[in-house]
Number of protein chains: 2
Amino acid sequence: MTIYDIAREAGVSASTVSRVINKRPGISESTRKKVQKILDEYHYIPDVAARGLVTQASRFIGILIEDIRVSHHTESAYVIEQEMTRQGYTCITFSTGGDSKKKAQYIQILEQRRVEGAIFIGSMFEIEEVKESVKQHLSNIPIVVMNGDLDLPNTYSVQTDEERGIEEAVALLAQKGRKNLAYLMDVANPANKRKQRGFTTGMLRLGMEGAERMIFAEVDGTAGPRSSVERGRMETVELLKKMPAVDGILCETDMLAVGCMKELKRQGIRIPEQTAIIGVDNTLYGQVCSPTLTTIDNKSGDMSLAAANTLMDVLQGRPVNHRMILPAEVIRREST
Amino acid sequence: MTIYDIAREAGVSASTVSRVINKRPGISESTRKKVQKILDEYHYIPDVAARGLVTQASRFIGILIEDIRVSHHTESAYVIEQEMTRQGYTCITFSTGGDSKKKAQYIQILEQRRVEGAIFIGSMFEIEEVKESVKQHLSNIPIVVMNGDLDLPNTYSVQTDEERGIEEAVALLAQKGRKNLAYLMDVANPANKRKQRGFTTGMLRLGMEGAERMIFAEVDGTAGPRSSVERGRMETVELLKKMPAVDGILCETDMLAVGCMKELKRQGIRIPEQTAIIGVDNTLYGQVCSPTLTTIDNKSGDMSLAAANTLMDVLQGRPVNHRMILPAEVIRREST
DNA sequence: CTGTTAGCGCTTTCAT
DNA sequence: ATGAAAGCGCTAACAG
């Protein structure tokens with residue numbers, strides 16, 4: 001079914017049909033009715049790709065995520081997709097994985113599809129290869145980076161102040177009388193570097209010595225949820241050997257914290273009496289485990305909405321800041 | 001940058017450039033090199049929509065999910081997207097929500113985008129409105145329904161035998177000496193109806209009387225992960241009132257089971273000594289909670305792969321069965 | 001108010 | 001081996 005088939009059937013020209021479809025003014029009510037009837041009869045739906053070819057608008061938005069299975073990424077993808085769909089755009093979403101070459105490949109796919117804008121979810125996109133690829137392939141469409149920054153004329157950054165959130169968490173631990181704090185790290189990426197800095201400054205600010213020494217182990221690789229739990233467990237084994245007096249542990253992610261708690265419980269260490277635990281992300285896992293987990297909520301829902309809105313603003317020519325920072329919030333539960 | 005710009009720059013015709021891009025034979029090595037050089041220089045990427053217009057192939061696959069935030073749906077979307085991307089297709093994924101009218105709307109969007117195939121994830125698509133909409137808008141492309149069936153000439157069904165899995169779970173409970181079994185239900189949908197039937201037959205087969213009476217409460221609405229946990233908790237409150245002697249509870253989903261366990265623990269009921277619990281879905285939540293949850297693995301990863309493969313098979317003209325059923329597996333953990 | 005024409009970026013005969 | 005021309009389904013001037 002093409003517009004010509006409809007036109008022939010209705011005894012009018014293709015442009016008239018087009019006008020009816022697009023609700024353009026300047027058409028007699030009678031022809032409109034006549035054409036609409038045929039349209040309905042055949043359940044005609046226009047080919048938006050063909051339309052896009054002439055209007056030069058794909059109505060596509062590209063979304064790149066490192067791994068959609070990570071729960072706060074899922075949440076982000078969901079919020080953005082809902083919002084964009086509501087605005088008449090269609091989202092093309094890819095889980096790129098950790099590999100930077102692959103990220104560049106996906107950027108090419110976005111160009112192939114002529115997306116009108118893009119959102120990159122996660123600080124792992126804050127790397128040189130991506131920046132270069134964006135310059136080459138997506139330099140004239142707006143791109144919003146969540147929890148990261150690419151610092152290009154066409155990129156916008158929406159972040160949560162996790163660094164500050166971690167500082168507050170350190171303060172909370174200190175206030176609870178904890179003296180021997182450790183920081184458990186997950187995968188190395190820019191956002192996590194910022195969190196780590198938050199721990200260091202938080203410690204220094206409270207006059208706690210040897211912050212460096214207390215930072216634990218850095219691991220490379222991909223941050224799958226299942227692997228993070230296991231890593232948390234293993235890091236805790238090591239931690240307890242090196243620092244038996246530890247009484248407060250700050251974990252870079254909830255999943256890490258969940259693994260950490262598993263091991264502490266296995267060794268008969270009571271939470272929070274002997275050791276307090278704090279995670280990051282405010283996932284459902286932190287509510288499901290027991291004791292329930294104190295966590296730093298990085299407001300991924302708010303951030304996602306802000307990202308979607310920012311993109312729409314740029315797309316519709318409204319003025320927008322290139323950087324936007326939302327506050328994080330410490331959510332207190334049983335583990336502290 | 002269009003193919004004509006490249007052609008002019010290289011001093012050849014557009015068709016020659018097209019031939020180089022598509023690696024067609026019958027072109028001299030020298031022109032190929034010359035053209036390729038310009039192509040690389042300008043980082044040229046073809047517009048697949050324009051290509052699709054002439055080749056009549058969008059290379060799009062549509063994916064409809066009720067809610068991508070439900071963890072086994074996320075997993076499915078991930079597996080399918082990876083597989084399809086590997087095959088050169090691009091996925092357009094939508095979270096449709098529970099509303100059946102909305103589902104029909106999304107089907108229209110898939111037609112607008114001229115997807116070449118589609119996968120519907122979840123039994124909630126097994127409804128008349130969807131079937132009608134598919135007949136009207138997607139009657140000539142292959143559609144794979146996961147965990148459900150639409151029973152149309154162009155639809156294919158891939159399912160896990162959860163019914164049988166539940167039967168086995170009932171047998172496990174009986175074998176552990178449990179006499180007073182209850183079945184906690186989540187949201188009403190076709191897949192859950194099948195599970196419920198599994199419980200009933202499982203009970204009857206073991207000669208356990210009054211199966212009906214033991215089936216608990218049916219709730220309508222959307223099955224968000226957070227709401228399911230809360231519902232599990234509340235249903236358990238009711239259950240313990242009506243059936244204080246309950247010593248084995250089968251929950252329709254892990255999330256429900258997690259909520260159920262939360263309440264049992266709150267009331268000081270020991271798991272599994274006093275009451276054994278079994279969930280469905282084999283989510284990470286079941287590994288994170290304590291005690292860890294015995295669950296029925298519905299193999300969503302396998303099912304997703306099977307769905308993706310089935311779709312590819314049809315797309316490439318290989319013979320395919322219209323129905324495919326995979327076995328479920330009971331995973332034993334601490335809660336039994 | 002409606003039809004004719006051209007063209008979006010690409011591929012594909014058909015000539016040469 | 002290469003180019004010219006037509007056309008995919010649609011919209012957008014421009015006429016009338």
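Model, not experiment: these values are computed from the prediction.

For the rest of this paragraph, the subject is the interface of chain B and chain A. The interface of chain B with chain A comprises 50 residues on the first partner and 50 residues on the second. At the boundary of chain B with chain A, total buried surface from both sides reaches about 4700 Å², with 57% on carbon and sulfur atoms. One can count two salt bridges joining chain B with chain A. Arg114 of chain B is the partner of Asp47 of chain A in a salt bridge, and the nearest nitrogen-oxygen pair spans 4.0 Å. Inspection of the chain B/chain A interface yields 23 residue pairs in polar contact (both at pLDDT 80 or more). Mapped onto the side of chain B that touches chain A, the elements with two or more residues apiece are α4 (48–55), α5 (71–86), β2 (90–95), α6 (100–112), α7 (128–137), α11 (225–242), α12 (254–266) and α13 (285–288) of chain B.

Given 3.6 residues to a turn, an α-helix orients residues that are three or four positions apart in the same direction. All names here are of chain B. Look at α12: 18 Å from first C-alpha to last across 13 residues, which is about the 18 Å you get at 1.5 Å a residue. With respect to burial, α12 is a largely interior element, 10 of its 13 residues being buried. Looking only at α12, the buried set comprises Asp254, Met255, Leu256, Ala257, Val258, Gly259, Cys260, Met261, Glu263 and Leu264.

In this section: the pattern of salt bridges. Residues and elements named next belong to chain A. Under the criterion given, the structure shown has 40 salt bridges over all chains. The partner of Glu126 in a salt bridge is Arg194, with the nearest N and O atoms 3.5 Å apart. Linking Glu126 in the loop between β3 (117–121) and α7 (128–137) with Arg194 in helix α9 (residues 190–205), this pair joins segments that are 68 residues apart in sequence. Here Arg194 falls in the buried class, since its relative accessible area comes to 19%. Across the pair Arg197 and Glu163 runs a salt bridge whose closest N-O atoms are separated by 2.9 Å. With a gap of 34 residues between them, Arg197 in helix α9 and Glu163 in helix α8 (residues 162–175) connect regions that are remote in the sequence. Under the relative-accessibility criterion, Arg197 is labelled partly exposed at 45%. The network of salt bridges with common partners includes Glu230, Arg233, Glu263 and Arg266.

Not every one of the 28 residues close to DNA strand D is listed here, only the nearest: Ile3, Ser18 and Tyr44 of chain A together with Thr16 and Arg19 of chain B. Among all atoms of DNA strand D positioned within 4 Å of the protein, those belonging to sugar or phosphate total 69%. In this structure, a phosphate oxygen belonging to DNA strand D sits 3.2 Å away from a main-chain N or O atom of Asp47 of chain A. Counting only elements with at least two residues in the surface near DNA strand D, the list comes to α1 (3–10), α2 (14–21) and α4 (48–55) of chain A together with α2 (14–21) and α4 of chain B. For the surface near DNA strand D, the element with the highest residue contribution is α4 of chain A, accounting for five residues. Each residue belonging to the surface near DNA strand D can be placed in one class, and the counts come to 11 nonpolar, 12 polar and five charged.

Another aspect to go through is the domain arrangement of chain A. Residue and element names in this part refer to chain A. Annotation of chain A at the domain level lists domain 1 (3–46), domain 2 (58–160 + 300–327) and domain 3 (162–297). Here domain 2 and domain 3 have C-alpha centroids that lie 29 Å from each other. In this complex, domain 2 contributes 13 residues to the contact, which on the side of domain 3 involves 12 residues. Buried surface at the junction of domain 2 and domain 3, summed over both partners, amounts to about 970 Å²; 47% is from carbon and sulfur atoms. On the domain 2 side of the interface with domain 3, the three residues burying the most area are His72, Ser123 and Thr160, jointly 34% of the side's total. In this assembly, domain 2 and domain 3 are joined by six residue pairs in polar contact (both at pLDDT 80 or more). Secondary structure elements with two or more residues in the side of domain 2 that touches domain 3: α5 (71–86) and β5 (155–161).

Applying the stated criterion to the full structure yields eight aromatic pairs over all chains. Taken together, a centroid distance of 5.3 Å and an interplanar angle of 45° make the contact between Phe60 of chain A and Phe60 of chain B tilted. Taken together, the residues Phe60 of chain A in strand β1 (residues 60–65) and Phe60 of chain B in strand β1 (residues 60–65) connect one chain to another. Aromatic pair Phe94 of chain B and Tyr106 of chain B: ring centres 4.9 Å apart, planes at 45°, arrangement tilted. Within this pair, whereas Phe94 of chain B is found in strand β2, its partner Tyr106 of chain B is found in helix α6, the two being separated by 12 residues in sequence. Exposure remark for Tyr106 of chain B: the relative accessible area of 5% places this residue in the buried category.

Okay, the packing of α2 of chain B against helix α3 (residues 29–41) of chain B next. Residue and element names in this part refer to chain B. Relative orientation of the contacting elements α2 and α3 amounts to 85°, with a least axis distance of 10 Å. One way to sum up the angle between α2 and α3 is to call them roughly perpendicular. Residue-level contacts link Val17, Val20 and Ile21 of α2 to Arg32, Val35, Gln36 and Leu39 of α3. Among the residues making up the contact of α2 with α3, the classes are represented as five nonpolar, one polar and one charged.

Calculation rules
- Residues numbered from 1 in each chain as written.
- Chains lettered and ligands numbered in written order.
- Predicted model: local features only at pLDDT ≥ 70, side-chain atom pairs only at ≥ 80, totals over all residues.
- Heavy atoms only, no water.
- Contact = heavy atoms within 4.5 Å.
- Buried area = accessible area lost by both parts, 1.4 Å probe.
- Salt bridge = Lys/Arg side-chain N within 4 Å of Asp/Glu carboxyl O.
- Polar contact = N/O pair within 3.5 Å; in protein donor to acceptor, adjacent residues only side chain to side chain.
- Helix = DSSP H or I, 4+ residues; strand = E, 2+ residues; numbered from the N terminus.
- Expected span 1.5 Å × (residues − 1).
- Buried < 20%, exposed > 50% of the residue type's maximum accessible area, 1.4 Å probe, protein only.
- Near = heavy atom within 4 Å.
- Nonpolar A, V, L, I, M, F, W, Y, C, P; charged D, E, K, R; others polar.
- Domains from an automatic or database assignment.
- Phe/Tyr/Trp six-rings, centres within 6.5 Å; stacked < 30°, edge-to-face > 60°.
- Axes fitted to C-alpha atoms, helices over the stretch in contact; angles between N-to-C directions.
- Parallel < 35°, antiparallel > 145°, perpendicular 65-115°, else oblique.

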